[in-house]
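# Secondary and tertiary structure notes
Listed below, chain by chain, are the residues.
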There are 2 protein chains.
Amino acid sequence: MTCELCNGDGGIVLWRDQRLRIVRVADADYPAYLRVVWQAHVREMTDLSSDERTDCMRAVFACEEVLRERADAYKINLASLGNQTPHLHWHIIARREDDRHFPRPIWADTRRETASRAQLPDDDILAPLLAAKLSARA
Amino acid sequence: MTCELCNGDGGIVLWRDQRLRIVRVADADYPAYLRVVWQAHVREMTDLSSDERTDCMRAVFACEEVLRERADAYKINLASLGNQTPHLHWHIIARREDDRHFPRPIWADTRRETASRAQLPDDDILAPLLAAKLSARA
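Since this is a predicted model, take the numbers as computed values, not measurements.

A separate point is the nonpolar core. A:Val36, A:Trp90, B:Val36 and B:Trp90 are the most contacted members of the largest nonpolar core, which totals 64 residues. One finds A:Tyr30, B:Val25, B:Ile106 and B:Trp107 within the second-largest nonpolar core, a separate group that totals 16 residues.

Listed as interface residues are 32 residues of chain A and, on the opposing side, 32 residues of chain B. The largest share of the area that chain A buries against chain B comes from A:Lys75, A:Asn83 and A:Trp107, three residues that together contribute 20% of it. One can count 6 salt bridges joining chain A with chain B. Between B:Asp47 and A:Arg68 there is a salt bridge, with its nearest N and O atoms 3.0 Å apart. Elements that contribute at least two residues to the side of chain A that touches chain B include exactly helix H2 (50–70), strand E4 (75–80) and strand E5 (89–95) of chain A. For the side of chain A that touches chain B, the class distribution of residues is 15 nonpolar, 6 polar and 11 charged.

Right, let's talk about helix H2 (residues 50–70) of chain B for a bit. In an α-helix, one full turn covers 3.6 residues, which means residues spaced three or four apart are oriented alike. The end-to-end C-alpha distance of H2(B) is 30 Å, a good match for the 30 Å that 21 residues give at a rise of 1.5 Å each. Those residues of H2(B) that sit buried are B:Arg53, B:Asp55, B:Cys56, B:Met57, B:Ala59, B:Val60, B:Phe61, B:Ala62, B:Cys63, B:Glu64, B:Val66 and B:Leu67.

The subject of this paragraph is the layout of surface pockets. Taken as a whole, the largest pocket encloses approximately 620 Å³ of empty space. Along its surface, the largest pocket is lined by 23 residues, and A:Arg53, A:Thr54, B:Arg53, B:Thr54 and B:Met57 are the ones closest to its centre. Taken together, the residues that form the lining of the largest pocket break down as 8 nonpolar, 5 polar and 10 charged. Reported here for the second largest pocket is a volume of approximately 380 Å³. Looking at the second largest pocket, it is lined by 19 residues, and the ones nearest its centre are A:Arg35, A:Gln84, A:His89, A:His91 and A:Trp107. The set of elements that each furnish at least two residues to the lining of the second largest pocket consists of helix H1 (4–7), strand E3 (33–38) and E5 of chain A. Of the residues that constitute the lining of the second largest pocket, the class distribution is 8 nonpolar, 7 polar and 4 charged.

What counts, and where the lines are drawn
- Residues numbered from 1 in each chain as written.
- Chains lettered and ligands numbered in written order.
- Predicted model: local features only at pLDDT ≥ 70, side-chain atom pairs only at ≥ 80, totals over all residues.
- Heavy atoms only, no water.
- Core = buried A, V, L, I, M, F, W, Y, C linked by side-chain atoms within 4.5 Å.
- Buried < 20%, exposed > 50% of the residue type's maximum accessible area, 1.4 Å probe, protein only.
- Contact = heavy atoms within 4.5 Å.
- Buried area = accessible area lost by both parts, 1.4 Å probe.
- Salt bridge = Lys/Arg side-chain N within 4 Å of Asp/Glu carboxyl O.
- Helix = DSSP H or I, 4+ residues; strand = E, 2+ residues; numbered from the N terminus.
- Nonpolar A, V, L, I, M, F, W, Y, C, P; charged D, E, K, R; others polar.
- Expected span 1.5 Å × (residues − 1).
- 1 Å grid on protein atoms, 1.4 Å probe; cavity = no way out; pocket = protein on both sides within 12 Å on 5 of 7 lines; lining within 4 Å.
- Points joined across faces, edges and corners; volume = space filled by probe spheres on them.

The structure is reproduced here in structure tokens:
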């Protein structure tokens with residue numbers, strides 16, 4: 001079995017430790033889109049210990065905070081789906097009221113062709129912002 | 001402003017306390033579909049205190065556990081979106097490989113007309129299962 005998230009990072013790595021990594025997703029419609037990927041090939045949140053779950057969600061919330069502070073979003077969307085890649089990962093997506101799919105999830109039909117895109121700072125600015133949030137979480 | 005989740009339960013209430021409620025969603029394609037709804041009108045997870053976030057996620061994970069134990073699911077999907085109803089709530093959905101949208105999220109185009117549906121026990125069985133998980137979480 002080959003798993004995409006075991007064999008690759010799944011995006012540009014902005015932060016990583018032994019347990020998890022935070023990557024920036026390359027999505028033309030959603031430039032303010034981060035993922036938290038659990039390093040080990042684990043299927044569901046409830047396969048993690050209580051301590052690991054807390055750690056994972058703290059990373060997700062750190063991403064949410066950064067998107068709220070920097071992406072000028074109307075709403076943040078969080079999701080752990082994994083139907084196609086059953087290796088635990090979270091999507092953290094900044095949404096705008098006039099983005100491609102709003103108010104529907106980004107996996108639904110598109111709503112408009114000319115769409116607004118929430119922006120995020122460059123990687124070299126974003127990475128230390130995340131690192132600061134994650135060092136504060138302990 | 002009228003908020004659907006301030007003015008109504010959003011489903012059949014299986015469990016509730018001061019902070020949150022767990023409801024069963026009426027979705028013909030997804031009978032194994034629960035929601036955790038924060039009681040107060042709060043927008044994002046990071047609007048909650050650390051203690052409240054933990055409490056909220058414990059309820060989400062209790063739902064995930066019940067679905068894993070009782071719904072014969074291939075994968076559990078978790079999502080907090082709220083684009084249409086920006087009042088904090090989580091979707092916890094049991095997925096099967098031959099359900100209506102698999103492997104896509106349930107908000108995407110349907111993939112098949114004749115679909116499998118993950119089942120859940122009746123409310124009078126489900127409610128005490130959730131209560132047991134939630135009393136154990138403290």
